[in-house]
Amino acid sequence: MANGFKPRVLICSECGEEFAFTVAAQEYFAERGYTEDPKKCKACYTQYKKTKRDSGRSTPVSSSRYQIRK
Ligand SMILES: [Zn+2]
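**Concerning the overall build of the protein chain**
Scanning the protein chain from N- to C-terminus turns up two helices and two strands. Seen in sequence order, the protein chain has helices and strands lined up from the N terminus as β-β-α-α. Residues counted as buried form 20% of the 70 residues belonging to the protein chain. For the protein chain, the proportion of contacts with a sequence separation of at least 24, taken over those separated by at least 6, is 41%. Just so you have it, the protein chain exposes about 5,800 Å², and 52% of that area is on carbon and sulfur atoms.

**Things to note about the coordination of the zinc ion**
The coordination sphere of the zinc ion contains the protein donors C12 (SG), C15 (SG), C41 (SG) and C44 (SG), at a distance range of 2.3 Å. The coordination sphere of the zinc ion comprises four donor atoms, whose angles at the metal cover 101 to 115°; the geometry is tetrahedral. Motif for the zinc ion, donor spacing along one chain: C-x2-C-x25-C-x2-C. Of this pair, C12 sits in the loop between β1 (8–11) and β2 (18–21) while C44 sits in helix α2 (residues 42–55), and the two are 32 residues apart along the sequence. The pair C12 / C44 is uniform in exposure class, with both members buried.

Quick notes on the rules
- Residues numbered from 1 in each chain as written.
- Predicted model: local features only at pLDDT ≥ 70, side-chain atom pairs only at ≥ 80, totals over all residues.
- Heavy atoms only, no water.
- Helix = DSSP H or I, 4+ residues; strand = E, 2+ residues; numbered from the N terminus.
- Buried < 20%, exposed > 50% of the residue type's maximum accessible area, 1.4 Å probe, protein only.
- Contact = heavy atoms within 4.5 Å.
- Areas by Shrake-Rupley, 256 points an atom, 1.4 Å probe, with all protein chains shown as cover.
- Donors = N, O, S within 2.8 Å, 3.2 Å for Na, K, Ca; no water.
- Tetrahedral: all angles 85-135°; square planar, octahedral: opposite > 155°, others 65-115°.

Just distances and angles here, no functional claims.
Take a look at the structure:
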């Protein structure tokens, strides 16, 4: 059964496009303790991660919400 999640449509802060925040994605977020909605669509987030990986740790990342430090 559903566990309270519903597919939603969010606006990407990067490209301004609408994107689906699917139930699976919401579960993924919840499992990792994220309480905020994603700000980027999948394409932008993938690009963001790739850019971050490519640039190493030298660039300060303003949006650290996707990282949880333990
Ligand atoms: Zn986007």
